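Listed below are the residues making up each chain.
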Amino acid sequence: MKDFKDEFKRLDWPILIVPAAIIFVMCVFFFSMPKETTNFISSLKPFFRDKMSLVYLFVSFALFLIAIYLSFSKYGNIVLGQKDEKPAFSFWGWGAMMFCCGMAADILYYGFSEWLFYSQEPYIISMSAKSVSGNPFDFSNVYSFFFWANFWEYLVIGTCFAFMMHVRNRSKQKYSEAIRPLIGKHADGVIGKIIDVFATMAIIAAVACSLSFTVPVITTCLNSLFGVPNTHFTTIVILILICVIYSISLANGLKGIKFLSSICIYVFLVFILYVFLLGGKAQYILESTFKQVGLLFDNIFVIFTDINPARTESEFVQNYSVFYNAFWLTWAITVPFFIGVISKGRTIRQTILGGLAFAMPGSVLCFSVLSNYSESLQVFNTMDLISIYNNGGFDAYAVIKEIVGSLPFPQIALLILIVSMICFNATSFDSISLTCSYYSYKNLSNDETPHYIIKQFWAILLILLPIALIFSEGTAANFQDVAVIFGFPGAILVTLVVISFFKDLDKYQKEMEK
């Protein structure tokens, strides 16, 4: 590879400098004025959550319909590469990288705790009372299945990027380039720079929120297992450890990312099997899952479209449905580019349906086992987890520790959970650091990879904001605020990318017909 000095001319410096400066300023505010900064962010949420609810839900539903259309239309046969090109990765390797990048360790945190939040919501209790179930725990999982199977957004946008890179062979690997068919020469001007800077900031916001949710679980488990103090210092050490792991993976390119992702999936499956086979609740888990999947299909369009316009009963839809759609739209700026990179050689149909076939069962498996096992402790009066949560300052981390502690050989279970969460976080960050590295170049051909120093620059930069958020003493709700705010402009960008894709796709089809 060329000496790094030769890379200077190729770098898009605003994409490097502006996000770095903004992160630095944000870190200063979070460290020096944590309460005031958190309150300011929270003050922005009502507008986006309450006034713009329809935008989030509509875009998500539209992307679902587009995923179906692309998969089963004539466009599904288009190869994302040369006409006879074969997939660059095996289905397992491709699926593992995609799943780990898109899910992160959040899926384990929420797998244990989400039913706890939902089951006490008046909205869920009301829906349960109107159904044949009558059990709020069942509907809690129905919503979890739906929220966490929402991978079609990644896959549709990922297909747009893959088409741009591998079919149209664009040399600029940026969000603005994906919108070029719509905005033309403005992609090279101020508008393009604004789009790319925002996309980079959205990536940083998404991963920062994710780590801020999940790292405290690791510190809580380490405290229970080894007596490690549950302090900010411990949290920072864990963040640095995660940074070191994904930096090593990143240094080895896609080969290293694939290797770490495969390890992550294996450890994840070991933990799921541990809970399922040794937890003693296998029958309850299977029967509950069977029932909940039926309830999901029976209510799928209600869940898709219920926006609670009168804001009756509770604000569940605004607090959770809007949050999750905003959360996925924020991540839809982050994950799809990486999916596009690794999907070379697959058809559009294989990318979308194959991605859903890997990701959706993985999400449902996690929630069916972890949530239903946790619920069973409440149902059979083994533990009153709801009281522990409500009377313990709404500390979900302490509840997760109690749940894992109820398993046989809890020390082993805690250790596997810690390793799994570290692996999930590392595999998300290595792929996202690679994505940001691609964004950093003015031009980069499909067979080139970013310079090692650029990849390590992003590896370090991405860890700074999570550290600042930890020091802000923010709650889960505060971290959700960030996702809701960034999700709105994210919805606009995603819409522009899809429109541009179809415009370019139509042009491509006409070229092929000639």
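From a predicted model like this one, the values you see are computed outputs, not experimental measurements.

Caption draft 1: Inspection of the overall build of the protein chain at higher detail. Each helix and strand counted, the protein chain has 23 helices and zero strands in total. For 514 residues, the compact-globule estimate of 2.2 N^0.38 gives 24 Å, and the protein chain sits close to it at 22 Å. A buried classification covers 61% of the 514 residues belonging to the protein chain. The contacts in the protein chain between residues at least 6 apart in sequence include a share of 85% that link residues at least 24 apart. Surface exposure of the protein chain reaches about 19700 Å², of which carbon and sulfur atoms provide 67%. Treating the 34 positive side-chain charges of the protein chain as one cloud and the 34 negative ones as another, the clouds have centres 10 Å apart.

Caption draft 2: Examining helix α15 (residues 282-305) more closely. Under the 1.5 Å per step criterion, the end-to-end length of α15 is 33 Å for 24 residues, consistent within 8% with the ideal 34 Å. Maximal helix bending in α15 amounts to about 65 degrees, located at Asn299. Among the residues of α15, Tyr284, Ile285, Ser288, Thr289, Gln292, Leu295, Leu296, Asn299, Ile303 and Phe304 are the ones counted as buried. The secondary structure elements touched by the buried residues of α15 are α4 (53-72), α7 (122-130), α8 (136-148), α9 (152-167), α14 (253-278) and α18 (348-379).

Caption draft 3: Representation of the pattern of salt bridges. Scanning all chains against the criterion turns up twelve salt bridges. A salt bridge links Asp188 to Lys172; its shortest N-O distance comes to 2.5 Å. Of the two residues, Asp188 sits in the loop between α11 (180-183) and α12 (190-226) while Lys172 sits in the loop between α9 and α10 (175-178), which places them 16 residues apart along the sequence. When its relative accessible area of 22% is taken as the criterion, Lys172 is described as partly exposed.

Caption draft 4: Layout of the environment of Phe89. Along the chain, the position of Phe89 falls in the loop between α4 and α5 (91-103). In this structure, the C-alpha to C-alpha distance between Phe89 and Gly76, residues 13 residues apart in sequence, is 19 Å. Beyond its immediate chain neighbours, meaning those up to four positions away, Phe89 contacts Trp94, Met97, Leu254, Lys258, Ile342 and Arg346.

Caption draft 5: Here's a closer look at helix α16 (residues 316-331). For α16, spanning 16 residues, the distance from its first C-alpha to its last is 22 Å, which sits close to the expected 22 Å at 1.5 Å a residue. At Phe323, α16 shows its maximal bend, which comes to roughly 25 degrees. Where burial is concerned, most of α16 is hidden: 15 out of the 16 residues are buried.

Caption draft 6: Focus on the environment of Ser176. Looking at the element boundaries, Ser176 is found in helix α10. The spacing of Ser176 and Val497 is 321 residues in sequence and 8.7 Å in space, taken between C-alpha atoms. In contact with Ser176, other than residues within four places in its own chain, are Ile183, Ala187, Gly192, Ile195 and Asp196.

Caption draft 7: A look at unusual backbone geometry. A positive phi angle, close to 55 degrees, is found at Asn169, a residue other than glycine. Considering the arrangement of structural elements, one finds Asn169 in the loop between α9 and α10. Its identity is not glycine, yet Asn308 carries a phi of approximately 55 degrees, on the positive side.

So, how was this worked out
- Residues numbered from 1 in each chain as written.
- Predicted model: local features only at pLDDT ≥ 70, side-chain atom pairs only at ≥ 80, totals over all residues.
- Heavy atoms only, no water.
- Helix = DSSP H or I, 4+ residues; strand = E, 2+ residues; numbered from the N terminus.
- Rg over C-alpha atoms; globule rule 2.2 N^0.38 Å.
- Buried < 20%, exposed > 50% of the residue type's maximum accessible area, 1.4 Å probe, protein only.
- Contact = heavy atoms within 4.5 Å.
- Areas by Shrake-Rupley, 256 points an atom, 1.4 Å probe, with all protein chains shown as cover.
- Lys, Arg positive; Asp, Glu negative; His and termini not counted.
- Charge placed at Lys NZ, Arg CZ, Asp CG, Glu CD.
- Expected span 1.5 Å × (residues − 1).
- Bend = angle between axes of the 7 residues up to and from the residue.
- Salt bridge = Lys/Arg side-chain N within 4 Å of Asp/Glu carboxyl O.

The values are spatial; any link to function lies outside them.
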